[in-house]
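# Secondary and tertiary structure notes
Listed below, chain by chain, are the residues.
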Amino acid sequence: MATTPQWVMIGGEGPESYNQHSSYQGALLEAAKEKMNETISAKLSLDLISGRFTVADFGCASGPNSFVAVQNIIDAVEDKYRKATGQNPAENIEFQVLFNDSTTNDFNTLFQALPAGRRYYSAGVPGSFFGRVLPRHSFHIGVISYAFHFTSENPKGITDRDSPLWNRDIHCTGFNEAVKKAYLDQYSADTKNLLDARAEEIIPRGIDVAFRIRFKRRS
């Protein structure tokens, strides 16, 4: 089992909570919606869309963006099924959504805010997504968005003022080459562990969707 990351989104509804500071992340979901719909339409096998269909969100925080992400996926799956079969998906498919985040995540706020009229059953899965959190072949579509930018821990030496790797900011900015390599090595190891875990958990021919932001340096 992977260790619990040292960071966690601030829960609740207070002025410093994730819920009050996540509109930018929500905009990413809207920007990526069309591309995600195209991917599901083109890549998801129709014979997987029947009976119980499971969506997993890794790094759900306390909402509300997680609800948008999973609903976008469900809408796309239903649209593909409806167009391909001419049948009402509500009569043939039951959706299950697994909300995953670290053990210290505010799941109470998340589940208290579940959308009314949602078309899915839900469950929480506490644990670090840098390792296995589900049995093999557990989900059809997995999604991870801004959580993909994190590392499981700070690279060694980064927080030590006496170390040549000391980085005074919480972000990897204004760094020297040694700091850059330390972050890159940590991120590479974490990404491999994350993808290896999802490869075990995903149903064969399922889809993993990851959203990442590219920042352009201004000249």
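Let me begin by describing the structure that accompanies this report. (Residues numbered from 1 in each chain as written. Predicted model: local features only at pLDDT ≥ 70, side-chain atom pairs only at ≥ 80, totals over all residues. Heavy atoms only, no water.)

## Description of the overall build of the protein
The condition is simple: Secondary structure elements follow DSSP: runs of H or I no shorter than four residues count as helices, runs of E no shorter than two count as strands, and numbering proceeds from the N terminus. When accessible area is computed with a 1.4 Å probe and restricted to protein chains, residues below 20% of their type maximum are described as buried, those above 50% as exposed, and intermediate ones as partly exposed. By the convention used here, residues are in contact when the closest approach between their heavy atoms is within 4.5 Å. Surface exposure here means Shrake-Rupley accessible area, sampled with a 1.4 Å probe, where a residue is shielded only by the protein chains that are shown.
Of the regular secondary structure elements, the protein holds five helices and five strands. For the protein, the proportion of its 219 residues judged to be buried stands at 45%. By sequence separation, contacts in the protein at least 24 residues apart represent 77% of the contacts at least 6 residues apart. Of the roughly 12600 Å² that the protein leaves accessible, carbon and sulfur atoms contribute 51%.

## A word on the packing of aromatic side chains
Aromatic ring pairs are reported here in terms of the distance separating the ring centres and the angle at which the planes meet. Let me state the cut-off plainly: Here is the rule: rings of Phe, Tyr and Trp (six-membered ring for Trp) pair when centre to centre is within 6.5 Å. Planes less than 30 degrees apart are stacked, more than 60 are edge-to-face, and the remainder are tilted.
All told, the structure shown has seven aromatic pairs when counted by the stated rule. Seen in terms of ring centroids, Phe67 and Phe99 are 5.9 Å apart; in terms of plane orientation they differ by 85 degrees. Their pairing is edge-to-face. Placement of the pair is Phe67 in helix 2 (residues 65-85) and Phe99 in strand 2 (residues 93-101), with a sequence separation of 32 residues. Between the aromatic rings of Phe107 and Phe111, the centroid separation amounts to 6.3 Å while the plane-to-plane angle is 20 degrees, which identifies the pairing as stacked. In this pair, Phe107 and Phe111 are both assigned in helix 4 (residues 107-112), four residues apart and thus about one turn of the helix distant. By relative accessible area, Phe107 is classed as buried at 13%. Classification of Phe111 by relative accessible area gives partly exposed; the value is 29%.

## With respect to the sheet that holds strand 2
The condition that has to hold: Strands were regarded as paired on the criterion that DSSP finds at least two bridges between them. Axis definition: a line fitted to C-alpha atoms, limited for helices to the stretch in contact. Angles are taken between N-to-C directions and run from 0 to 180 degrees.
Strands sit in the order 3-2-1-4-5 across an open sheet of five strands; the sheet is parallel. Edge positions in the sheet fall to strand 3 (120-126) and strand 5 (202-210), since each of these pairs with one other strand and no more. Strand after strand, the sheet turns through a mean of 20 degrees between neighbouring axes, direction not considered. Looking at chain direction, strand 4 (residues 139-144) and strand 5 are connected through five bridges and run parallel.

## Some details on helix 2
For clarity, the threshold we go by: Take the residue count of a helix, subtract one, and multiply by 1.5 Å to get its expected span.
Taking 1.5 Å of rise per residue, the 21 residues of helix 2 would be expected to cover 30 Å, and the 30 Å separating its terminal C-alpha atoms lies within 8% of that figure. Two residues or fewer after helix 2 comes Gly86, characterised by a positive phi angle close to 75 degrees.

## Things to note about the environment of Lys33
Along the chain, the position of Lys33 falls in helix 1 (residues 23-43). A sequence separation of 39 residues divides Lys33 from Asn72, and the C-alpha atoms of the two residues are 7.0 Å apart.

## Concerning helix 5 (residues 177-201)
Here helix 5 is 25 residues long and its end C-alpha atoms lie 36 Å apart, about the 36 Å a rise of 1.5 Å per residue gives. Among all positions in helix 5, only Val179, Ala182, Tyr183, Gln186, Tyr187, Asp190, Thr191, Leu194, Ala197, Arg198 and Glu201 are buried. Buried positions along helix 5 lie against strand 1 (51-58), strand 4 and strand 5.

## Remarks on the pattern of salt bridges
To keep it simple, the criterion reads: For this analysis, a salt bridge means a side-chain nitrogen from Lys or Arg found within 4 Å of a carboxyl oxygen belonging to Asp or Glu.
This model, assessed by the stated rule, comprises ten salt bridges. For the salt bridge of Arg132 with Glu201, the shortest nitrogen-to-oxygen distance reads 3.8 Å. Taken together, the residues Arg132 in the loop between strand 3 and strand 4 and Glu201 in helix 5 connect sequence positions 69 residues apart. Beyond isolated ion pairs, a larger network of salt bridges with shared partners links Asp75, Glu78 and Arg119.

## Topic: the pairing of strand 3
What counts here: Classification remark: right-handed applies to a crossover when, strands pointing away from the viewer, the course from the first strand over the helix to the second runs clockwise.
For strand 2 and strand 3, the ladder comprises seven bridges, and the chain directions are parallel. By the bridge assignment for strand 3, Gln96 is matched with Tyr121. In terms of handedness, the path from strand 2 via helix 4 over to strand 3 forms a crossover that is right-handed.

## Describing the side chain of Lys80
As a reminder, the rule being used: The charged-residue count follows a simple rule in which Lys and Arg add positive charge and Asp and Glu add negative charge, with His and chain termini not counted at all.
Assignment of secondary structure puts Lys80 in helix 2. At 8.8 Å, Asp47 is the nearest oppositely charged side chain to Lys80, a buried residue that forms no salt bridge. With residues near it in sequence (within four places) discarded, Lys80 still touches Ile40, Ser41, Leu44 and Ile49.

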